Amino acid sequence: MQLLKERIRRDGIVREGGVLKVDSFLNHQMDIDLFEEIGKEFHRRFEGEEVTKILTIEASGIGIACITARYFQVPVVFAKKNKTKNIAGDVYTSRVESFTHGRVYDIMVSKDFLGKGDKVLLIDDFLANGKALEGLAQLVEDAGAELTGAGIVIEKGFQRGGDAIRGRGIHLESLAIIDSMDAASGTITFRER
Ligand code: 5GP
């Protein structure tokens, strides 16, 4: 997605350790015109596939998922992050190892909002090692729902997540795939699709 790549080149800040900061348009301040284009593009890429629900993870996936949901005309469910193991109520849970925060946390979704018959599209901002997507896919499986695919705004192609998710046969669509980035020069190169 050309518009997105141009925006990442212009406003993305490359940090040491393979972290890209996109706080000015995606992760802190949100450019809703860009989100509209992102939502439209996800809808185009999953055209013809059945989606009854969008599932994302708090917090940074929520805005993108909501705008995307307008195009699919389906509800959004976001998995809640929980630092403790004591989760009350009727919920599906799974465990995610965070790339950016370097710790493990539990995610949960109420059984009221995900179940048999749902065809689920996963949406998230970044794909790095794939742990967040794998955790979400696990919730879908535990709920007896069907996984339609996963839409990612920025995939870091130099990390293992993309290969792992595609290797599982999941339909993955990443709007921008970064092949390399250099913190010293700020240079970012993208994969052509
Ligand atoms: P994964 O689970 O694929 O290793 O990492 C994905 C999650 O970590 C995303 O939900 C995202 O919030 C965060 N993340 C991973 N890499 C980056 C990055 O380079 N920049 C930012 N802003 N978030 C990242």
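See the structure printed just above.
Note that the structure is predicted; figures quoted are calculated from it, not measured. (Residues numbered from 1 in each chain as written. Predicted model: local features only at pLDDT ≥ 70, side-chain atom pairs only at ≥ 80, totals over all residues. Heavy atoms only, no water.)

This brings us to the sheet that holds strand β10 (residues 188-190). Read across the sheet, eight strands follow the order β5-β6-β4-β3-β7-β8-β9-β10 without closing on themselves; strand pairing throughout is mixed. If you trace the sheet from one side to the other, it starts and ends with β5 (91-97) and β10, each paired once. Neighbouring strand axes in the sheet, compared pairwise and without regard to direction, differ in orientation by 30° on average. Both strand β4 (residues 76-82) and strand β6 (residues 104-110) contribute to a ladder of three bridges, which runs antiparallel. Bridge pairing links asparagine 82 to aspartate 106 in β6. (Pairing = 2+ DSSP bridges. Helix = DSSP H or I, 4+ residues; strand = E, 2+ residues; numbered from the N terminus. Axes fitted to C-alpha atoms, helices over the stretch in contact; angles between N-to-C directions.)

The next subject is the nonpolar core. Formed by 32 residues in total, the largest nonpolar core has its most connected members in Leu4 and Leu20. Mapped by element, the contributors of at least two residues to this core are α1 (2-11), α2 (23-27), α3 (32-45), α4 (60-72), β7 (119-127), β8 (146-156), β9 (172-181) and β10. For this core, the element with the highest residue contribution is α4, accounting for five residues. Beyond its immediate stretch of four places on either side in the chain, leucine 4 contacts Phe25, Leu34, Ile38, Val153, Leu175 and Ala176. In terms of nonpolar packing, the next biggest core, distinct from the first, is built from 25 residues, Ile57, Val140, Ile152 and Ile165 among them. (Core = buried A, V, L, I, M, F, W, Y, C linked by side-chain atoms within 4.5 Å. Buried < 20%, exposed > 50% of the residue type's maximum accessible area, 1.4 Å probe, protein only. Contact = heavy atoms within 4.5 Å.)

Turning to the side chain of arginine 7, a few remarks are in order. With respect to the helices, strands and loops of the structure, arginine 7 is situated in helix α1. We classify arginine 7 as buried; its relative accessible area is 17%. Setting aside residues up to four positions removed in sequence, arginine 7 forms contacts with Gly12, Phe25, Asp31 and Leu34.

Quick look at the site of the ligand now. Taken together, 17 residues surround the ligand, and among them Leu20, Asn129, Gly130, Ala132 and Lys156 come closest. Contact distances for the ligand include 2.7 Å between a nitrogen atom and a backbone N or O atom of leucine 20. Asparagine 129 places a main-chain nitrogen or oxygen 2.7 Å from an oxygen atom of the ligand. Considered on its own, the ligand offers 510 Å² of accessible surface; in the complex 89% of this is hidden by protein. Counting only elements with at least two residues in the shell around the ligand, the list comes to β2 (19-21), β7 and α5 (131-142). By residue number, the principal contributor to the shell around the ligand is β7, which donates four residues. (Near = heavy atom within 4 Å. Polar contact = N/O pair within 3.5 Å; in protein donor to acceptor, adjacent residues only side chain to side chain. Areas by Shrake-Rupley, 256 points an atom, 1.4 Å probe, with all protein chains shown as cover.)

Given a rise of 1.5 Å per residue, 14 residues ought to cover 20 Å, and the 20 Å separating the end C-alpha atoms of α3 matches this to within 8%. The complete set of buried residues in α3 reads Leu34, Phe35, Ile38, Gly39, Glu41, Phe42 and Arg45. In a view along the axis of α3, the buried residues occupy a sector of 165°, so they form one face of it. Buried-residue contacts for α3 involve α1, α2, α4, β7, β8 and β9. (Expected span 1.5 Å × (residues − 1). Arc of directions from axis to C-beta.)

A complete count under the given rule lists 14 salt bridges for this structure. The partner of arginine 7 in a salt bridge is aspartate 11, and the shortest N-O contact between them spans 2.7 Å. Of the two residues, arginine 7 and aspartate 11 are both situated in helix α1; the distance of four residues between them amounts to about one turn of the helix. Taking relative accessible area as the criterion, aspartate 11 reaches 23% and is therefore assigned partly exposed. Among the ionic pairs, glutamate 37 bridges to lysine 40, the shortest N-O distance being 3.4 Å. One end of the pair is glutamate 37 and the other is lysine 40, both in helix α3 and three residues apart, which spans about a single turn. A single salt-bridge network, built from bridges that share partners, covers Arg7, Arg10, Asp11 and Asp31. (Salt bridge = Lys/Arg side-chain N within 4 Å of Asp/Glu carboxyl O.)

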